[in-house]
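A closer look at the structure
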Amino acid sequence: MSKLLISILLSILLASCQNPPSNNFDDYINTVTGPISIDSLGLTLIHEHMLVDFIGADSINSDRWNRDSVVRKVLPYLLEVKKHGVKTILDCTPSFLAKDPLLLKELSEKSGIQILTNTGYYGAVGGKYLPEHAYSESAEELSLRWTDEFENGIEGTGIKPGFIKISVNEADTLSEIDQKLVKAAGLTHQKTGLTIASHTGTWKTAVQEVRILQEMGIDPSAFVWVHAQAEQDFDNYQKAAEMGVWISLDGIGWAIDPYVDRLLFAKENRFLNRVLISHDAGWYDPAKPSGGDFQPFTNIFEKLIPILNEKGFSQADWNQLLIDNPKRAF
Ligand SMILES: [Zn+2]
């Protein structure tokens, strides 16, 4: 009896040594100001941008923007959305498109909004935003770079990503480089527990990504189908939901009607529990005078919610979409 007890106690002790709290993927998530409990995400916008530079991977350089100017422009928009109760924003600007963790940290500290940044590469637009090494290295090698950002921080800042952001080109068959990015994301997910958000478009392309991940033994619930509003066949939303994929309807900063239709369909067909919403709004563009026109992060609160409440949406639905689902997805 006592021998058994000792061996049980020993095995519990050993298990706890092998699993320090920092590796407890389910309970904590990295923001640009440090890890937080997943329960404190609160009302979350899962896809926005503070800064985007479209110059391309061959010319991008942080000298192209002045951090103080970006903060001056963006901060009022964060303070505005904070009044609507937003507690957390996922910044989806990837590497080589002006991902600037120190800028995000400053914006987070000045606004009081929790901000998450990402790791991964953006393959869409024919690879304009991919560095040379994305072509020469293997999926495993790329995943080591991304995992290093998770373990040691991004480019010496100590700031760690809260999710993986990749992107692929729409295609009947995913290109070799896009398949590699999906595999690298899968490997990084397996090592870090980070959720994979992939800028995609239609289900025809997204389902190929899901299959690659499934072949790696990864559950579809680790995958966020970004820009799913591009899909016109609503049955494909249902298929994705049944597989457990996260359906990201994320361009609400730019249009309302397509989202009204899709969200009503999701509610009627009882899969609001697989849907994420956001604006894909912002962003300061260094190529334009004083960063160009900034799209605010408010359409959900000022336009979408009143329209859908008239059509039967309840506070419980909004809590699901803006609080519960982001917490479960990420
Ligand atoms: Zn975006």
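Heads up: the structure comes first, above all this text.
Reading the values: rules and limits
Residues numbered from 1 in each chain as written. Predicted model: local features only at pLDDT ≥ 70, side-chain atom pairs only at ≥ 80, totals over all residues. Heavy atoms only, no water. Helix = DSSP H or I, 4+ residues; strand = E, 2+ residues; numbered from the N terminus. Rg over C-alpha atoms; globule rule 2.2 N^0.38 Å. Buried < 20%, exposed > 50% of the residue type's maximum accessible area, 1.4 Å probe, protein only. Contact = heavy atoms within 4.5 Å. Areas by Shrake-Rupley, 256 points an atom, 1.4 Å probe, with all protein chains shown as cover. Lys, Arg positive; Asp, Glu negative; His and termini not counted. Charge placed at Lys NZ, Arg CZ, Asp CG, Glu CD. Pairing = 2+ DSSP bridges. Polar contact = N/O pair within 3.5 Å; in protein donor to acceptor, adjacent residues only side chain to side chain. Right-handed = clockwise from strand over helix to strand, strands pointing away. Axes fitted to C-alpha atoms, helices over the stretch in contact; angles between N-to-C directions. Core = buried A, V, L, I, M, F, W, Y, C linked by side-chain atoms within 4.5 Å. Phe/Tyr/Trp six-rings, centres within 6.5 Å; stacked < 30°, edge-to-face > 60°. Lys NZ or Arg CZ within 6 Å of the ring centre and 35° of its normal.

What follows covers the overall build of the chain. For the chain, the count of helices and strands is 11 helices and 11 strands. What you see for the chain is a C-alpha radius of gyration of 20 Å, in line with the 20 Å of a compact globule of 330 residues. Each principal axis of the C-alpha distribution contributes one length, and for the chain these read about 70 × 50 × 45 Å. Counting across all 330 residues of the chain, residues that qualify as buried make up 56%. Of the contacts made within the chain by residues no fewer than 6 positions apart, 76% connect residues no fewer than 24 positions apart. For the chain, the accessible surface area stands at approximately 14500 Å², while carbon and sulfur atoms represent 51% of it. Averaging the coordinates of the 30 positive side-chain charges in the chain and doing the same for the 43 negative ones gives two points 4 Å apart.

Before going further, it helps to spend a moment on the sheet that holds strand β7 (residues 163-167). The 6 strands lie next to each other as β6-β7-β8-β9-β10-β11, forming an open sheet whose pairing is parallel. Edge strands, defined here as strands with exactly one partner in the open sheet, are β6 (118-119) and β11 (275-277). In this sheet, strand β9 (residues 223-226) lies alongside strand β8 (residues 196-199) in parallel orientation, the contact comprising 4 bridges. Directly across from Ile 196, in β9, lies its bridge partner Phe 223.

Following the sequence through the fold, Glu 302 ends up in helix α10 (residues 299-310). With a relative accessible area of 45%, Glu 302 lands in the partly exposed category. Between the alpha carbons of Glu 302 and His 84 there is a distance of 9.2 Å; along the sequence they are 218 residues apart. Once you skip the residues sitting within four places of it in the chain, Glu 302 turns out to touch Glu 80 and His 84. Among the polar contacts listed, one links the side chain of Glu 302 to the side chain of His 84, at a separation of 3.4 Å.

Mapped onto the secondary structure, Asp 317 falls in helix α11 (residues 315-329). Residues in contact with Asp 317, not counting those within four places in the same chain, are Lys 267, Leu 272 and Gly 312.

What follows concerns the pairing of strand β3 (residues 44-48). Counting buried residues along β3, 5 of its 5 residues qualify, which places the element largely inside the surrounding structure. Where β3 and strand β4 (residues 88-91) come together, 3 bridges link them in parallel fashion. Each bridged residue has a counterpart across the sheet, and for Leu 45 the counterpart in β4 is Ile 89. Handedness of the crossover is the feature at issue here: the chain leaves β3, passes through helix α2 (residues 67-82), returns alongside β4, and the resulting connection is right-handed.

Moving on, we come to the sheet that holds β4. Reading across the sheet, the 3 strands line up as β3-β4-β5 and stay open at both edges, with parallel pairing between neighbours. This sheet does not close on itself; its edge strands, each paired only once, are β3 and β5 (114-116). Averaged over all adjacent pairs, the angle separating strand axes in this sheet is 20 degrees, with direction ignored.

Right, let's get into the nonpolar core. Side chains of a nonpolar character, in soluble globular proteins, are inclined to be buried together. Core analysis: the biggest nonpolar cluster contains 82 residues, and Trp 225, Ile 247, Leu 263, Ile 277 and Leu 304 have the highest contact counts within it. Look past the residues within four positions of Ile 247 in its chain and what remains in contact with it is Trp 225, Ala 228, Tyr 237, Ala 240, Ala 241, Phe 271, Arg 274, Val 275 and Leu 276. Core analysis: the second largest hydrophobic core is formed by 16 residues, Ile 29, Cys 92, Phe 163 and Val 224 among them.

What follows covers the packing of aromatic side chains. Here the structure, examined in full by the defined rule, presents 14 aromatic pairs. An aromatic cluster of at least three residues, connected via ring pairs, comprises Trp 203, Trp 225, Phe 234, Tyr 237, Phe 265 and Phe 271. Sitting above the plane of the Trp 246 ring, Arg 274 keeps its charged end 4.1 Å from the centroid.

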